[in-house]
Amino acid sequence: MRYRTLGDGNTSFDVSTLCLGTMNMGTLTDEETSFAILDRYLEAGGTFLDTANNYSFWAGGNGRDSEDLIARWLVSRGVRDQVRIATKLGAAKKDPALPLSNTPPTNFQGLAAETVAREAYESLRHLGVDRLDVLYGHVDDLDTPLAETVGAFGKLQAEGVVGISGISNVALWRVVEAREEALRQGVAPYGVVQEQLSYLYPTPDPDRHNWASPELLDYARSTGSDERPPLAVTAYSPLLQGAMVRDDKELWEGYGHPTSLERRRVLHEVARQVGATPNQVALAWLLGGPVPVVPVIGPSTVAQLDELLGAADLDLDPEVRDRLDAV
């Protein structure tokens, strides 16, 4: 396993370059299997866990099943000091009786100061920890003044409740403005952004704000100075939930265009050429890019995890990357 440093200009710590997503743990993935995956990940040198306060209510859970399972695992193994935990708030249901939607009215709980504080402390309780290493706003909230949200995250960091704050599913201009607002308030800025990113690209859509665009990656590359504190990018669903390796699985909406199909074909050719699996090559492509990102992987079995762990130390030769990028 390899490692990289996350930081925001005030706080920094190292995490493994493969982050373990735990979304289905405690619901679709039973506890015995989940514990086995977590054990194997830790054994392999993994140190970065990703969860949220609404995982996975859509699978019959209560929304905090993943956090609760991680808490039980931490206690049973006694390994709290060996891992960094990221959780999220803001996308759980505001009204439990109403459905969620990605279009208004969304029914997201939002990122008002009161909500941020309440949900952060609830995550502490469910995870059984006294500090959240990373806390994301799960979905941007345009109805709450940005200064209020930034101040709420900054207050939690000043209190020692949160190590590094972050934001997910957000437009680039909001990331930049939020970080500038943090500097104006004298609080720690967002140090991590989590977006969807994979070797396959979606078709252009001006309303798509959940994708790590080239502009976001370029902005992240420009950070790391006193005037512009570090910003890391983590990528969820980097393997499109298996759709890049399974022809029988339909690509997500917006991804099933000719270029994606050709990139998937070349991905498989390159994998055979380098003696790796397509999943490993797709992850290595993200890990070794001009702007390295931290992929959030979500295996549902130990065997799947073992395959994905093979990407951590896979370096793609320049000519291989050129072939992948040329499609």
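One can find the structure itself at the top, above this paragraph.
Figured I'd write up the structure that's included with this text. (Residues numbered from 1 in each chain as written. Predicted model: local features only at pLDDT ≥ 70, side-chain atom pairs only at ≥ 80, totals over all residues. Heavy atoms only, no water.)

Considering the environment of Leu-6
Turning to step 1, where the next piece is worked out: Along the chain, Leu-6 turns up in strand E1 (residues 3-7).
Turning to step 2, where the next piece is worked out: When residues no more than four places from it in sequence are discounted, the contact partners of Leu-6 are Thr-11, Ser-12, Phe-13, Val-15, Phe-48, Val-134, Ile-164, Val-192 and Ala-232. (Helix = DSSP H or I, 4+ residues; strand = E, 2+ residues; numbered from the N terminus. Contact = heavy atoms within 4.5 Å.)

Observations concerning the pairing of E1
Every regular strand shows the same layout, with side chains that alternate between the two sheet faces.
Turning to step 1, where the next piece is worked out: When E1 meets strand E2 (residues 12-16), the two strands line up antiparallel, connected through five bridges. Note that in E2 the partner of Gly-7 across the bridge is Ser-12.
Turning to step 2, where the next piece is worked out: Counted between consecutive antiparallel strands, the loop separating E1 from E2 contains four residues, among which Gly-9 sits at a positive phi close to 95°. (Pairing = 2+ DSSP bridges.)

Examining the environment of Leu-156
Turning to step 1, where the next piece is worked out: Relative to the helices and strands, Leu-156 resides in helix H4 (residues 146-158).
Turning to step 2, where the next piece is worked out: In the structure, Leu-156 is positioned 15 residues away from Ala-171 in sequence and 23 Å away in space, judged by C-alpha atoms.
Turning to step 3, where the next piece is worked out: Among residues more than four places away in sequence, those in contact with Leu-156 are Val-116, Ala-120, Tyr-121, Leu-135, Val-161 and Val-162.

Observations concerning the sheet that holds strand E9 (residues 232-236)
Turning to step 1, where the next piece is worked out: Read around the barrel, eight strands follow the order E3-E4-E5-E6-E7-E8-E9-E10 and close on themselves; strand pairing throughout is parallel. Neighbour-to-neighbour, the strand axes of this sheet turn through a mean angle of 25°, independent of strand direction.
Turning to step 2, where the next piece is worked out: Alignment of strand E3 (residues 19-21) against strand E10 (residues 294-297), held across two bridges, turns out to be parallel. Across the sheet, Leu-20 pairs through a bridge with Ile-297, a residue of E10. (Axes fitted to C-alpha atoms, helices over the stretch in contact; angles between N-to-C directions.)

Considerations on the packing of aromatic side chains
Turning to step 1, where the next piece is worked out: Taken as a whole, this structure holds seven aromatic pairs when the rule is applied.
Turning to step 2, where the next piece is worked out: An angle of 75° between the planes, with centres 5.1 Å apart, marks the rings of Phe-57 and Trp-58 as edge-to-face.
Turning to step 3, where the next piece is worked out: Plain terms: the ring middles of Tyr-199 and Trp-285 are 5.2 Å apart, the flat faces sit at 75° to each other, and that makes the pair edge-to-face. With Tyr-199 in the loop between strand E8 (192-196) and helix H6 (214-221) and Trp-285 in helix H8 (residues 278-287), this residue pair connects regions lying 86 residues apart in the sequence.
Turning to step 4, where the next piece is worked out: The exposure class assigned to Tyr-199 is buried, which follows from its relative accessible area of 1%.
Turning to step 5, where the next piece is worked out: Over the ring of Phe-13 we find Arg-84, and its NZ or CZ is 4.2 Å from the ring centre.
Turning to step 6, where the next piece is worked out: For Arg-263, the ring lying beneath its charged end belongs to Tyr-199, and the centroid distance is 3.9 Å. (Phe/Tyr/Trp six-rings, centres within 6.5 Å; stacked < 30°, edge-to-face > 60°. Buried < 20%, exposed > 50% of the residue type's maximum accessible area, 1.4 Å probe, protein only. Lys NZ or Arg CZ within 6 Å of the ring centre and 35° of its normal.)

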